[in-house]
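Single-letter residue listing:
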Amino acid sequence: MLRTIDEINDKIRSGKVVVATAEEVVGLVQDQGVKQTARQVDVVTTGTFGPMCSSGIYFNIAQSTPKIKCGGGRASFGGVPLYAGWAAADLLLGATALPDDDPRNAVYPGLFKFGGAHIIEGLLKGERYRLEVRNHGTDCYPRKEYFTELGLDDFTQATMFNPRNAYQLYNVAINLNKKTIYTYMGVLKGNMGNANYATSGALSPLLNDPKLRTVGIGTRVFLCGAEGYVVYPGTQHVPQPQRDDRGLPLFPSATLALVGDLKQMNPRWLRAASITGYGTSLAVAFGLPLPVLDEQVIADASVTDADITFPIVDYSQNYPLGRVVDLGRVSMAELMSGRIEINNKAVPTGSMTSRYQGRQVSLELKERIKRGTFFLTRPVAALPGATLIDE
Amino acid sequence: MAKKKVVFSFPPRLISEPITYRLVKDFDLQVNILRAMVSPRERGRMVVEISGREQSLQDALDYLIEHGVEVNAVVQELRHHPDLCVNCSACTALCPTDALTVDSTTREVSYDPAECILCESCIPACSYQALESQF
Ligand code: SF4
Ligand code: SF4
C-alpha cells in the first residue's frame, strides 16, 4: 500500500497532489519504471468520448393545477415519446427514442436527424420543448391533458442515467458481404472496405484498471462535465472474462452503470449523434480517476496502444445472427495507424470514439483534481467478479 | 502541365452541347468529371478537374465563358465544420483520397479541399452533421 484515498484527498485539498493522464503514465513508466512512477503519481486520469446508446435522462416536472398523473398515461417531449410508467410527475427520455412520424429506415438508409439525444443536447443549450401528457384522470389527479413548454431550469430534477457505459474492450467491425451496411459501428463498406473501432485504447477507463481493483459502486467520475457516480455494474457486465497475459479481457466484458446531474452537464461534453441507417444516440464524455494505491495500479495504467488487442467481428452476418466466428485480433496501435491487414488485404480504419476528445476529458479531469474541485471516493462495494484493493 | 478543379454552371440552352468533348478535342485537355447534375430545362452543374498546358487551359476557360458557361473555382463544394466535428475519424476510412485525415499525434481530423473529389462517401459516416455537401 503506497497511500490511501484519504491521503490523496488531503493532498488534493492542499494542492500537492500529483496527477498524470493514462497517456502520460506510459511515458513516465518507460522513462523511470513502475516503482518510481507509483511513488510520484497520486492519481491517473482516463477519458473517452463516443456514442453510448444506453443513455437517457429522467426528470421531474412541477405539477400543473389541477394535477395530472403522468404514470400510466402517454407523454411526449418535443414530439419524442417519453416513458411514463413511473409516478405522477416523473418521466424518462431515452437517447434513441424517435418521434412517431420519423420515416426511420423507410427511406434507406434513414438519417435520424432528431431524437431523444437531440433533446438532451438541446436542453443543455437552453432549448425548450413542448411537453404533452394525456391520461385517464383520477380523484387525486383529475386533469386529463396537460400541454406546456419546458426547459432544463423548469425541471425539479433532471438526471442522466446510463444503464451501460464504459464498455471494457469492444469489437472491431467489418463487413464481409458485398453491399454497404449501416450499423451502430458506422458505415461499413462491403468486402472489408473499412474496419471501425470504438474505444479510446490506452486512455480507455476500464482498460487502465482491467481487473477493476480501484473502481466499484460509489466511485465518483467525470460524466459529461458533471460529477457522476458508478452506481452499479452496467448491463451485460461479464464478471469473469477470458484474459490475456496482461490481464486485459479478450472480448467485451466489464461495463458500468453511471448516473449524473444533467443540470451540471455541459454541451461540450455531450453530443447528439445521428447514426445513418441506425438511429439516434448520445455521445458522452466519461472520465475515471484511478487512485494510485499500490504499484500494480501504475503497472496496469501503463498499458500502451500496442498492448491492447480487439476481436474482429463481421457485422453483415455473424453479428446480426449471433454467430461467434474468429476473424483474428488487431491492436489499438495498428487501428490508429489508419490501416490494418486482414487476410493480406489492407483495410482502412475509422473510429466511432474520439481519442482527441477522450484526451481532453483526461486533461480536464486532471485539471479539476489539481485545482481542488474534484475529490476521489472510496467505492462501497466491488463490481461482480472484482476484488478492490484493501486499504 | 497545369491542373484546375472548377465548377461549370451552364444555362439550359447549353445542356445539349458536347462541352467536355470540345475541351478534349479542341483544347487537348484531360477532363475528369467529379460531379454532374444536369436536368433538362434547368441549369446544369458540373465539377470537373481539367489538366493540360497552361495556355490551353486558359483558352478553354475563355471559350466557355464566352459561350455563357459560368466558371467558378471549387471553393467549398463539401464543407467540414470544425465546430461540429468531434474528431472521431469515422469518416476518414471512407475517404478514397487523403482529403480527410487524422493527425497521428494530436488525433485531430482535418479536411483538405484540394484532395477532395466530392464523392460524398464521407457524409453518411458523420453522425454529427459536421460534413455537408454544398453541391
Ligand atoms: S467527398 Fe469523398 S473525397 Fe471528399 S472528403 Fe468526402 S470522402 Fe473524401
Ligand atoms: S465523422 Fe464527422 S465528427 Fe467524426 S471526424 Fe469526421 S467530420 Fe468529424
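Structure first, text after, so check above.
The rules behind these values
Residues numbered from 1 in each chain as written. Chains lettered and ligands numbered in written order. Predicted model: local features only at pLDDT ≥ 70, side-chain atom pairs only at ≥ 80, totals over all residues. Heavy atoms only, no water. Helix = DSSP H or I, 4+ residues; strand = E, 2+ residues; numbered from the N terminus. Rg over C-alpha atoms; globule rule 2.2 N^0.38 Å. Buried < 20%, exposed > 50% of the residue type's maximum accessible area, 1.4 Å probe, protein only. Contact = heavy atoms within 4.5 Å. Areas by Shrake-Rupley, 256 points an atom, 1.4 Å probe, with all protein chains shown as cover. Lys, Arg positive; Asp, Glu negative; His and termini not counted. Charge placed at Lys NZ, Arg CZ, Asp CG, Glu CD. Buried area = accessible area lost by both parts, 1.4 Å probe. Salt bridge = Lys/Arg side-chain N within 4 Å of Asp/Glu carboxyl O. Nonpolar A, V, L, I, M, F, W, Y, C, P; charged D, E, K, R; others polar. Patch = residues over 30% accessible without salt bridge, like charges linked within 9 Å, V, L, I, M, F, W, Y side chains within 5 Å. Near = heavy atom within 4 Å. Axes fitted to C-alpha atoms, helices over the stretch in contact; angles between N-to-C directions. Parallel < 35°, antiparallel > 145°, perpendicular 65-115°, else oblique. Left-handed = near helix turned anticlockwise from the far one by under 90°. Core = buried A, V, L, I, M, F, W, Y, C linked by side-chain atoms within 4.5 Å. Domains from an automatic or database assignment. Pairing = 2+ DSSP bridges.

Caption draft 1: A look at the overall build of chain A. When its secondary structure is counted, chain A shows 7 helices and 26 strands. Against the globule reference of 21 Å for 391 residues, chain A gives a C-alpha radius of gyration of 22 Å, in line with a compact fold. Once the C-alpha set of chain A is aligned to its principal axes, its extents read approximately 70 × 60 × 35 Å. Taking all 391 residues of chain A together, the buried fraction comes to 59%. Restricting to contacts in chain A with at least 6 residues of sequence separation, those with at least 24 account for 72%. Working note: accessible area of chain A is about 15,800 Å², and carbon and sulfur atoms make up 49% of it. Averaging the positions of the 40 positive and the 37 negative side-chain charges in chain A gives two centres separated by 4 Å.

Caption draft 2: Region of the structure containing the interface of chain A and chain B. Opposite the 28 residues of chain A that make contact, chain B presents 20 residues. With both chains or domains summed, chain A and chain B bury close to 1,800 Å², and 51% of this area falls on carbon and sulfur atoms. Counting the surface chain A buries against chain B, the share from its top three residues, Val187, Arg271 and Tyr356 of chain A, is 28%. Summed over the shared surface of chain A and chain B, the number is 0 salt bridges. When residues of the side of chain A that touches chain B are traced back to their parent elements, those giving at least two are strand S3 (48-51), strand S14 (195-197), strand S19 (270-275), strand S25 (345-351) and helix H7 (355-371) of chain A. Here the element with the most residues in the side of chain A that touches chain B is S19 of chain A; it accounts for 5 residues. Here the residues of the side of chain A that touches chain B sort into 13 nonpolar, 10 polar and 5 charged.

Caption draft 3: Main features of the side chain of serine 331 of chain A. Residue and element names in this part refer to chain A. Along the chain, serine 331 turns up in strand S23 (residues 329-331). Using a relative accessible area of 7% as the deciding quantity, one classes serine 331 as buried. Ignoring any residue separated from it by four or fewer positions in sequence, one finds serine 331 in contact with Asp305, Ala306, Ile308, Thr309 and Phe310.

Caption draft 4: Seen up close, a nonpolar patch on the surface. Residues and elements named next belong to chain A. A contiguous nonpolar patch, built from Tyr58, Tyr83 and Trp86 and spanning about 310 Å² of accessible area, is present on the exposed surface. Within the secondary structure, tyrosine 58 is located in strand S4 (residues 56-61). When its relative accessible area of 32% is taken as the criterion, tyrosine 58 is described as partly exposed.

Caption draft 5: Layout of the site of ligand 2. What surrounds ligand 2 is the set His80, Cys85, Val86, Asn87, Cys88, Ser89, Cys91, Val109, Cys126, Tyr128, Ala130 and Leu131 of chain B. Partitioned by chemical class, the residues of the shell around ligand 2 number 9 nonpolar, 3 polar and no charged.

Caption draft 6: Structural detail: the packing of helix H1 (residues 19-27) of chain B against helix H2 (residues 54-66) of chain B. Residues and elements named next belong to chain B. At a minimum axis separation of 10 Å, H1 and H2 run at an interaxial angle of 140°. In terms of orientation, H1 lies oblique with respect to H2. Crossing of H1 over H2 shows right-handed handedness. Two secondary-structure elements touch here, H1 through Ile19, Arg22, Leu23 and Phe27 and H2 through Ser56, Asp59, Ala60, Tyr63 and Leu64. Taken together, the residues of the contact of H1 with H2 sort by class into 6 nonpolar, 1 polar and 2 charged.

Caption draft 7: Fine view of helix H3 (residues 116-124) of chain A. The buried fraction of H3 of chain A is high, at 9 of 9 residues. Taken together, the buried positions of H3 of chain A are occupied by Gly116, Ala117, His118, Ile119, Ile120, Glu121, Gly122, Leu123 and Leu124 of chain A.

Caption draft 8: Geometry of the nonpolar core. Residue and element names in this part refer to chain A. Residues Phe59 and Phe77 are the most contacted members of the largest nonpolar core, which totals 108 residues. Both of domain 1 (5-52 + 166-371) and domain 2 (56-160) provide at least three residues apiece to this core. Among all residues touching phenylalanine 59, those that are not within four sequence positions of it are Phe77, Leu82, Ala89, Asp90, Leu91, Leu93, Phe155, Gln157 and Ala158. Counting 19 residues, the second largest nonpolar core, distinct from the first, contains Phe310, Ile312, Val330 and Val347.

Caption draft 9: Looking closely at the site of ligand 1. In the vicinity of ligand 1 there are 13 residues, among which Cys95, Cys116, Cys119, Glu120 and Cys122 of chain B approach most closely. Grouping the amino acids of the shell around ligand 1 by side-chain chemistry returns 11 nonpolar, 1 polar and 1 charged.

Caption draft 10: Seen up close, the pattern of salt bridges. All names here are of chain A. Tallied over the full model, the rule gives 24 salt bridges over all chains. Here glutamate 24 ties to lysine 366 by a salt bridge, and the two come within 2.9 Å at their closest N and O atoms. Taken together, the positions of glutamate 24 in helix H2 (residues 22-40) and lysine 366 in helix H7 put the pair 342 residues apart, joining distant regions of the chain. A salt bridge links glutamate 121 to arginine 271, with the nearest nitrogen and oxygen atoms 3.7 Å apart.

Caption draft 11: Molecular detail of the pairing of strand S5 (residues 74-77) of chain A. Residue and element names in this part refer to chain A. One ladder, built from 4 bridges, connects S5 with strand S8 (residues 129-134); its direction is antiparallel. Counted as the bridge partner of phenylalanine 77 is leucine 131 from S8. Taken together, the 2 bridges between S5 and strand S6 (residues 80-81) define a ladder with antiparallel strand orientation. Following the sheet pairing, phenylalanine 77 is matched in S6 by valine 80. In this antiparallel pair of consecutive strands, S5 and S6, the connection spans 2 residues, and glycine 78 shows a positive phi of 60°.

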